[in-house]
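Each chain is listed here by its residues.
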Amino acid sequence: MIVSVCIEKGGTGKSQTAVNLSAALVKFCKVKVLVVDLDPQGTASLGFGISPLSTNTHAIHEVLAGEIPAQDAVYAYNETDLCIMPARHELALYGSQEFTTELNNILKPMSKVFDFILIDLPPTLGNFTTTALSLSDAAIIPVNASSSVCIVALLSQLRTIKTIVEEKINPKLSVLGVLACMVNNTRICTEVLTWLEEEYSDLLFQTKIRQNIKLAESLGLGEPIFDYSPDSYGALDYKSLALEVMGRIS
Ligand SMILES: Nc1ncnc2c1ncn2[C@@H]1O[C@H](COP(=O)(O)OP(=O)(O)OP(=O)(O)O)[C@@H](O)[C@H]1O
Ligand SMILES: [Mg+2]
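Since the model is a prediction, treat every value here as computed from it, not as a measurement.

### A closer look at helix 5 (residues 127-134)
Because the α-helix completes a turn every 3.6 residues, residues three or four places apart line up on one side.
Step number 1: Residues of helix 5 that are buried: Phe 128, Thr 129, Thr 131, Ala 132 and Leu 133.
Step number 2: Looking at the buried residues of helix 5, the elements they touch are strand 1 (2-5), helix 4 (100-113), strand 5 (116-120), strand 6 (138-144) and helix 6 (150-166).

Okay, here's the thing in structure tokens:
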């Protein structure tokens, strides 16, 4: 199953979710997961300890360009069933060019090897997100629940997905869920959560990702939360999300 983690709004928890949901799926649900970093910022790569500045590892733009086979850019995290195809800044070129066939040539064979492919996407409007969504089975939309502007971004993302389905670009695409991230006990957060529950109770994951400093630390230090701080709220929340995701797809 190919799942895009997307919303065209910066800093909502997309990369955090791509890294720790995939780590939780492998650890607790015993599935094989490939994280495809399709963001030239390379944040998800960083989350697995692969610097987007390093040239010691291959990256997805080389595969898209046909320079190397896809498997040469797949790295197992700590010899587990969790793998990452990293991104570097050079990927930015593809923000302005059509690459659906090239991406499909990566995803199709990989989806026979992995139970899940999670694609981490950049916040920019356009090519990366629409190309990934045109090839995905489902989308997870993380919103920053401590910011009211997330509502506009969510509505816009849902509209993009509706268009992709209705125009038959990808009729099988569905929304797996809307994920409230950075949840805290401020008034604005309570209001956003109430709105999400009223408007999108069917799509909203029961699991909420609480604001947790251990999550912020782990991403920059290159370790999924289950290695960095296994008893933190962040680890509990992403474990709960993985179980909920498995429940939704079964
Ligand atoms: N639940 C959380 N609690 C605390 N910090 C968090 C949480 N989720 C994410 N962060 C931190 O907030 C910042 C933004 O998160 P992240 O990189 O996952 O967002 P993003 O949506 O991928 O951003 P971008 O749009 O730039 O790709 C990061 O520094 C991350 O570590
Ligand atoms: Mg990101």
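Following the structure, the description resumes.
### Brief notes about the pairing of strand 5
Step number 1: With respect to burial, strand 5 is a largely interior element, five of its five residues being buried.
Step number 2: Side chains Phe 116, Leu 118 and Asp 120 project from strand 5 onto one buried face, and the interleaved Ile 117 and Ile 119 project onto a second face that is buried too.
Step number 3: Relative to strand 5, strand 1 is paired through four bridges, and the arrangement is parallel. By the bridge assignment for strand 5, Val 3 is matched with Leu 118.
Step number 4: As paired elements, strand 2 (residues 33-37) and strand 5 share five bridges and run parallel to each other. Within strand 5, the position partnered with Val 35 by the bridge is Leu 118.

### Looking at unusual backbone geometry
Step number 1: One non-glycine residue, Asn 78, adopts positive backbone phi at about 50°.
Step number 2: Of note, Asn 78 is situated in the loop between strand 3 (75-76) and strand 4 (82-85).
Step number 3: Look at Glu 79: it is not a glycine, yet its phi comes out positive at around 55°.
Step number 4: Note on placement: Glu 79 falls in the loop between strand 3 and strand 4.

### Description of the pairing of strand 6
Step number 1: Counting buried positions over the seven residues of strand 6 gives seven, a clear majority of the element.
Step number 2: Of the two faces of strand 6, the one lined by Ala 138, Ile 140, Pro 142 and Asn 144 and the one lined by Ala 139, Ile 141 and Val 143 are each fully buried.
Step number 3: Here strand 1 runs beside strand 6; their pairing, made up of three bridges, is parallel. Looking across to strand 6, one finds that Ser 4 is bridged to Ala 139.
Step number 4: Sheet analysis places strand 6 next to strand 7 (residues 174-181), joined by seven bridges and oriented parallel. By the bridge assignment, Ala 139 is partnered in strand 7 with Val 175.
Step number 5: Each parallel crossover has a hand, and the one from strand 6 via helix 6 to strand 7 is right-handed.

### Some remarks on the nonpolar core
Step number 1: Counting 79 residues, the largest nonpolar core has Ile 60, Leu 118 and Val 143 as the members making the most contacts within it.
Step number 2: A per-element tally of this core places helix 1 (residues 14-29) first, with seven residues.
Step number 3: The contact partners of Ile 60, leaving out residues within four places of it in the chain, are Val 36, Asp 37, Leu 38, Ala 73, Met 85, Pro 86, Ala 87 and Leu 91.

Cut-offs used in this document
Residues numbered from 1 in each chain as written. Chains lettered and ligands numbered in written order. Predicted model: local features only at pLDDT ≥ 70, side-chain atom pairs only at ≥ 80, totals over all residues. Buried ≥ 20, exposed ≤ 12 C-beta atoms within 10 Å, placed from the backbone. Helix = DSSP H or I, 4+ residues; strand = E, 2+ residues; numbered from the N terminus. Contact = placed C-beta atoms within 7 Å. Pairing = 2+ DSSP bridges. Right-handed = clockwise from strand over helix to strand, strands pointing away. Core = buried A, V, L, I, M, F, W, Y, C linked by C-beta atoms within 7 Å.

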